[in-house]
Amino acid sequence: MKTIRLSIIGFGAVGQGIANALLQKQEYLESAGLNLKVVAISDSHGACIDLDGVDLEAAIERKKESGSIATSGVMSLEVIRDVDHELVVEVTPTNIDNGEPGLTYMLEAFRHGRHVVTSNKGPLALKYSQLCDEAKKNAVHFRYEATVGGAMPILNLAQDALAGNKIIAIEGILNGTCNYILSRMTEEGLSYQHVLGEAQELGYAETDPTYDVEGIDAACKLVILANSIFGMDVTYNNVEVTGITRITPEALTLAGDEGMVIKLIGEVKDGENGEIMVSPKLVPEQHPLAVGGTLNVALLKTDMAGPVCVTGKGAGSMETASAILSDIIAICKNSH
Amino acid sequence: MLNTDKGVNKSNFNATGIKCLKYIPGIYSMIVSMDLELKDRPGQLVQALKPLSTFGANIMSVLHHHDQRTPRGAIPVQVVFQLTNGKLNDIIAELEEGGVRIVCVGKKLMYEEVTVILIGHIVHSDMGDTIDQIDSTGFAEVVSLSISMPAINEPSSASLVINAVDMAQLGKALDILRRVALEKDLLVIEPIEKDQLSVKT
């Protein structure tokens with residue numbers, strides 16, 4: 001049995017999803033010869049630390065009841081620095097302006113020789129090369145499948161399953177909120193404003209939807225793909241971004257007359273003038289990229305395998321936890 | 001039909017087909033297939049193909065049925081060629097002048113087509129000018145336009161079909177459209193690139 005000690009930094013929907021996943025998957029993990037022991041969980045109020053393993057059920061209960069996980073005033077950064085463990089699961093909220101606090105947490109984890117698994121896009125979209133350099137320097141693993149496409153495997157698909165292939169281009173729907181809005185507008189002929197209100201009521205869109213509907217979230221994910229799969233050195237500011245706020249129901253009807261739907265498509269192409277852009281595009285109704293609802297989809301164009309398409313849930317607590325758990329397991333298998 | 005805020009029921013102005021696809025010499029490439037009859041004499045095939053090269057046709061296939069004879073004792077020949085300059089009538093005239101019998105001619109226009117959607121103040125930003133900028137290139141033209149205007153002062157939406165000689169020229173036409181749209185603050189929605197997973201509907 002291989003024991004890996006983890007900390008979970010951030011205990012919102014994703015953090016709690018991981019705790020639930022670890023509880024549910026105990027048997028599976030044991031049969032795989034893995035003992036994933038959570039030694040600390042922290043949120044913005046403080047932390048609970050137990051070197052024998054935090055009681056995850058009690059932790060989730062406490063968070064629900066009191067709004068915080070904290071049983072001590074030890075802050076996240078101190079957990080990362082001072083609690084003896086191997087792997088940091090960094091799942092604090094994304095910040096696209098300066099990447100904090102996640103950026104500091106990740107860098108600090110690397111400096112203390114700890115592996116990092118994250119779902120936090122901000123730091124990667126802004127400081128990808130710095131993070132990778134720091135991880136390399138300290139000879140630790142850094143995995144971030146959950147940052148792009150939620151449950152949908154895309155980074156690991158390109159790098160592991162399709163190893164040996166040259167990835168020529170990737171295009172896809174990388175934001176479930178936009179996909180929901182456009183799909184509903186298409187189906188019901190409703191206006192953008194109306195459907196946005198509906199999405200907000202259902203919890204699919206934030207009160208301030210800018211991050212999603214202006215294409216910023218999709219652009220951040222595209223940056224991560226561009227840097228990690230195509231070896232580019234780009235940041236969010238290099239992406240040409242057009243959102244969905246100007247799309248009209250009439251435009252969707254006209255597209256429908258031609259057998260097409262309108263989708264917010266992110267695309268990144270390899271090459272010297274490698275294009276990287278997010279914009280609404282016409283997609284034939286029968287094309288695999290024309291998925292509905294809140295689904296995400298990605299089409300990888302490869303030299304040997306040809307086109308390979310994956311689709312799945314792009315968000316959600318358990319879905320994101322799935323991607324994080326697969327990264328944790330991969331690190332356990334690859335580290336000594 | 002769309003309800004405006006003012007409760008007025010306004011029907012869509014649908015201008016589909018205000019322009020029909022028309023053949024303009026020099027704009028489209030065409031694939032021509034011709035059935036000819038040649039006399040069973042040396043040098044006849046060369047003589048039949050010469051007008052094709054004179055007028056710049058690109059010969060794609062020649063089937064010379066040596067073992068067959070028409071009732072008149074001639075040898076049937078089928079040629080297929082691509083023509084981009086519209087000089088089909090000159091070729092026919094020259095062949096007939098040289099004594100080659102033309103049994104039948106079939107032609108098919110070849111062009112690349114793209115559909116794009118525009119959103120914004122399309123009519124008030126001079127739709128005619130937007131179309132003219134593409135039509136005036138000589139290698140591409142707008143062949144269809146459908147426009148939907150839900151209410152005064154609301155942005156309109158339009159679908160536009162552009163034809164061009166080939167993909168390269170179509171790309172140039174789209175570049176022009178993108179530039180014009182930027183100047184006029186119109187959103188252009190283009191199709192995704194065609195790939196092996198595109199299914200024709």
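Residues numbered from 1 in each chain as written. Chains lettered and ligands numbered in written order. Predicted model: local features only at pLDDT ≥ 70, side-chain atom pairs only at ≥ 80, totals over all residues. Heavy atoms only, no water.

**Here we look at the overall build of chain A**
Assigned secondary structure in chain A consists of 13 helices and twelve strands. By the compact-globule yardstick of 20 Å for 336 residues, chain A fits well, its C-alpha radius of gyration being 20 Å. Counting only C-alpha atoms and orienting by the principal axes, one finds that chain A spans roughly 65 × 45 × 40 Å. For chain A, with 336 residues in total, the buried portion stands at 56%. Sequence-distant contacts in chain A: of pairs separated by 6 or more residues, those separated by 24 or more amount to 70%. A total accessible area of about 13700 Å² is found for chain A, and carbon and sulfur atoms account for 47% of it. Positive and negative side-chain charges in chain A, numbering 25 and 44 respectively, have mean positions lying 5 Å apart. (Helix = DSSP H or I, 4+ residues; strand = E, 2+ residues; numbered from the N terminus. Rg over C-alpha atoms; globule rule 2.2 N^0.38 Å. Buried < 20%, exposed > 50% of the residue type's maximum accessible area, 1.4 Å probe, protein only. Contact = heavy atoms within 4.5 Å. Areas by Shrake-Rupley, 256 points an atom, 1.4 Å probe, with all protein chains shown as cover. Lys, Arg positive; Asp, Glu negative; His and termini not counted. Charge placed at Lys NZ, Arg CZ, Asp CG, Glu CD.)

**Thoughts on the pattern of salt bridges**
All names here are of chain A. Counted according to the given criterion, the structure contains 27 salt bridges over all chains. With a shortest N-O distance of 3.0 Å, Arg-81 and Glu-108 are connected by a salt bridge. Taken as a pair, Arg-81 in helix H4 (residues 76–82) and Glu-108 in helix H5 (residues 102–111) lie far apart in primary sequence, 27 residues in all. Residue class for Glu-108 comes out buried when judged on its relative accessible area of 11%. For the salt bridge of Arg-111 with Glu-108, the shortest nitrogen-to-oxygen distance reads 3.3 Å. (Salt bridge = Lys/Arg side-chain N within 4 Å of Asp/Glu carboxyl O.)

**Describing the domain arrangement of chain A**
All names here are of chain A. The assigned domain composition of chain A is domain 1 (2–151 + 317–334) and domain 2 (158–313). A straight line from the C-alpha centre of domain 1 to that of domain 2 covers 28 Å. With 16 residues of domain 1 in contact, the opposing surface of domain 2 contributes 18 residues. Summed over both partners, the interface of domain 1 with domain 2 buries about 1300 Å², with 68% contributed by carbon and sulfur atoms. Linking domain 1 to domain 2 there are three salt bridges. For Asp-217, the salt bridge identified is with Lys-121, shortest N-O distance 3.4 Å. With six residues, the single largest contributor to the side of domain 1 that touches domain 2 is helix H6 (residues 121–137). (Domains from an automatic or database assignment. Buried area = accessible area lost by both parts, 1.4 Å probe.)

**Notes on the packing of helix H8 (residues 176–188) of chain A against helix H9 (residues 192–202) of chain A**
All names here are of chain A. The geometry of H8 relative to H9 is characterised by a closest axis approach of 9 Å and an angle of 125 degrees between their N-to-C directions. In terms of orientation, H8 lies oblique with respect to H9. Crossing of H8 against H9: the hand is right-handed. Touching Tyr-180, Ile-181, Arg-184 and Met-185 of H8 are Tyr-192, Val-195, Leu-196, Glu-198, Ala-199 and Leu-202, all from H9. For the contact of H8 with H9, the residue count by class is eight nonpolar, no polar and two charged. (Axes fitted to C-alpha atoms, helices over the stretch in contact; angles between N-to-C directions. Parallel < 35°, antiparallel > 145°, perpendicular 65-115°, else oblique. Left-handed = near helix turned anticlockwise from the far one by under 90°. Nonpolar A, V, L, I, M, F, W, Y, C, P; charged D, E, K, R; others polar.)

**A few points about the interface of chain B and chain A**
Counting residues at the interface gives 27 residues for chain B, matched by 28 residues for chain A. The contact between chain B and chain A buries some 2300 Å² in all, and 68% of this surface belongs to carbon and sulfur atoms. Seen at the junction of chain B and chain A, the total is two salt bridges. Here chain B is connected to chain A by six residue pairs in polar contact (both at pLDDT 80 or more). Contributing elements (two or more residues each) for the side of chain B that touches chain A: strand S7 (112–120), strand S8 (140–148), strand S9 (156–164) and strand S10 (187–191) of chain B. It is S7(B) that contributes the most residues to the side of chain B that touches chain A, five residues altogether. When grouped by side-chain class, the residues that make up the side of chain B that touches chain A number 14 nonpolar, nine polar and four charged. (Polar contact = N/O pair within 3.5 Å; in protein donor to acceptor, adjacent residues only side chain to side chain.)

**Here we look at the sheet that holds strand S1 (residues 2–9) of chain A**
Residue and element names in this part refer to chain A. On the basis of which strands lie adjacent, the open sheet formed by six strands has the order S3-S2-S1-S4-S5-S6 and mixed pairing. Both outer strands of the open sheet, strand S3 (46–49) and strand S6 (142–143), are each paired with one neighbouring strand and no more. Pairing analysis gives four bridges linking strand S2 (residues 34–43) to S3, with the strands arranged antiparallel. Of the residues in S3, the one forming a bridge with Ile-41 is Cys-48. Most of the contacts of helix H1 (residues 13–24) go to S1, to which it runs at about 155 degrees, and overall it touches S1, S2 and strand S4 (87–90). (Pairing = 2+ DSSP bridges.)

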